[in-house]
Amino acid sequence: MKDYNSHYRHLNAWVPGFQGSASGTLMSPDEMMPYEKLKKTEFYDGWVLPQGDISAGVGGMVFNQGDRFIAFGGHIRRSDQDRLEKPFHQMMQLLLPHVQQAFEISRAMVARAVDFHLAQMDSGPGSAAILVDQDRKVVHLSMTAALLLEQGNTIRLDRSGRIEFVDRGAALEFDRAIHGLATADPNYSSSFPLRSATPGLGYICRTGRIVPGTLGESPFGALFTGDTPALLLAIQPRAWHSTTLHERLREHGLTQRETQVALRVADGRSLSDIADADQLSIHTIRNQLKSAMSKLGVNRQAQLAKLLASWQQFNRG
């Protein structure tokens, strides 16, 4: 596997044909690339043929978001294709829905754990959460981060599928964070400004070191092992870091805790999520929110979100 990961992974001739398939799809290697065409590739000569011509089998697409996908399957020697490929396909057909369900459950568990770490990093509302390994590959991506990635004005994927920053200064800071990941202490963190290619937009990126074991059960298996640290990136609009915004809340008499709760509720976080992240009872969080809303003169959470959004827009101006 070391040779595959270091060299042949980038030459895998089956990936382009498989990458375009929808989640829940089963495909044979011949459907991904015709056998006669495969035999003309370096991937076949260097990886497939030396292992007994393992050019048959079945692959199942578990999750696919364009540039990011997760699949599983197995290879069969070409000489055993007629005898083994059909029953293997039947087995994969039974397994794939269960693997997909397990993956979605695990993703939800990891997302909750990442939210907890974001709270510990004092990351405000609107944060785009990205968890990357030492190779800069995405391990976890929040919906907000997926939107930033799709827009491509702040972060993007390079040709190898690795995260990169559009802003050169931020890219250098990211390099330092990645290089220091293996040797950094458990409390390692950093913060740096991040410019967008869109005029008028600015962000703050906070980084923190995470050990996979703290995430509980992970759906990523050998791709993200317990002894390999990862880097959590929290990207959020600068407006939420504006001293003016916090001062405005304090001017209305909100305490620091009430301010934190109000900002996170306005961003759509549930009271139970906030309580879990802060390790407080939901009754305490509810009382803090009630007090904050009373001081701000609003009765509903939607009114709170609208008010803070208007202040955020003002700060940007």
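Residues numbered from 1 in each chain as written. Predicted model: local features only at pLDDT ≥ 70, side-chain atom pairs only at ≥ 80, totals over all residues. Heavy atoms only, no water.

Focus: the pattern of salt bridges
- Going through the model one piece at a time under the given rule, you end up with eleven salt bridges.
- The salt bridge involving Asp135 is made with Arg162; its shortest N-O contact spans 3.1 Å. A residue pair is termed long-range when its members are at least 10 positions apart, and Asp135 in the loop between β4 (128–132) and β5 (138–141) and Arg162 in the loop between β6 (155–157) and β7 (163–165) qualify at 27 residues.
- The buried category is assigned to Arg162, whose relative accessible area is 16%.
- Salt bridges sharing partners connect three or more residues here, namely Arg77, Asp80 and Arg83. (Salt bridge = Lys/Arg side-chain N within 4 Å of Asp/Glu carboxyl O. Helix = DSSP H or I, 4+ residues; strand = E, 2+ residues; numbered from the N terminus. Buried < 20%, exposed > 50% of the residue type's maximum accessible area, 1.4 Å probe, protein only.)

Describing the environment of Met27
- Within the element layout of this structure, Met27 appears in strand β1 (residues 26–27).
- When its relative accessible area of 12% is taken as the criterion, Met27 is described as buried.
- For the pair Met27 and Gly17, spaced ten residues apart in sequence, the C-alpha separation works out to 9.4 Å.

Brief notes about unusual backbone geometry
- In the Ramachandran plot, Asp53 falls in the positive-phi region, its phi being about 55° despite a non-glycine side chain.
- Summarising the element assignment, Asp53 is placed in the loop between α5 (42–48) and β2 (56–65).
- A positive phi angle is found at Arg136, which is not glycine, with a value near 70°.
- Within the secondary structure, Arg136 is located in the loop between β4 and β5.

Topic: the packing of aromatic side chains
- Enumeration over the complete set of coordinates arrives at four aromatic pairs.
- Ring geometry for Trp14 versus Phe43: centroids 5.4 Å apart, planes at 85°, classification edge-to-face. Residue Trp14 is found in the loop between α1 (2–6) and α2 (15–19), and its partner Phe43 is found in helix α5; the two are separated by 29 residues along the sequence.
- Ring-pair connections join several aromatic residues into one group, and the members of that group are Phe165, Phe174 and Phe192.
- The residue whose ring lies beneath Arg78 is Tyr35, and the NZ or CZ to ring-centre distance is 3.8 Å. (Phe/Tyr/Trp six-rings, centres within 6.5 Å; stacked < 30°, edge-to-face > 60°. Lys NZ or Arg CZ within 6 Å of the ring centre and 35° of its normal.)

Here we look at the nonpolar core
- Judged by nonpolar contacts, the single largest core of 24 residues is most densely connected at Ile130, Ile163, Phe165, Phe174, Leu231 and Ile235.
- Among the elements that make up this core, the one with the highest residue count is helix α8 (residues 168–179) (four residues).
- In this structure, Leu249, Leu271, Ile285 and Trp311 belong to the second largest nonpolar core, which totals 19 residues. (Core = buried A, V, L, I, M, F, W, Y, C linked by side-chain atoms within 4.5 Å.)

Here we look at the pairing of strand β10 (residues 230–237)
- Taking burial as the measure, the eight residues of β10 include eight buried ones, the bulk of the element.
- The alternating pattern of β10 places Ala230, Leu232, Ala234 and Gln236 and Leu231, Leu233, Ile235 and Pro237 on opposite faces, both of which are buried.
- Summarising the sheet, β4 and β10 pair through five bridges and their orientation is antiparallel. Residue pairing for β10: Ile130 is matched across the bridge by Leu233.
- Strand direction decides the pairing type here: strand β9 (residues 202–210) and β10, joined by eight bridges, are antiparallel. By the bridge assignment, Cys205 is partnered in β10 with Ile235. (Pairing = 2+ DSSP bridges.)

Thoughts on the pairing of β4
- The element β4 is extensively covered by neighbouring structure, given that five of its five residues are classed as buried.
- Burial of β4 is two-sided: the residues Ala128, Ile130 and Val132 facing one way and the residues Ala129 and Leu131 facing the other way are all buried.
- Pairing analysis gives three bridges linking β4 to β5, with the strands arranged antiparallel. By the bridge assignment, Ile130 is partnered in β5 with Leu141.
- A loop of five residues connects β4 with β5, the two strands running antiparallel in sequence, and Arg136 in this loop sits at a positive phi of about 70°.

Focus on the side chain of Ser28
- The residue Ser28 is located in the loop between β1 and α3 (29–32) in this model.
- Those residues in contact with Ser28 that lie beyond four places of it in its chain are Gly57, Val58 and Glu85. (Contact = heavy atoms within 4.5 Å.)

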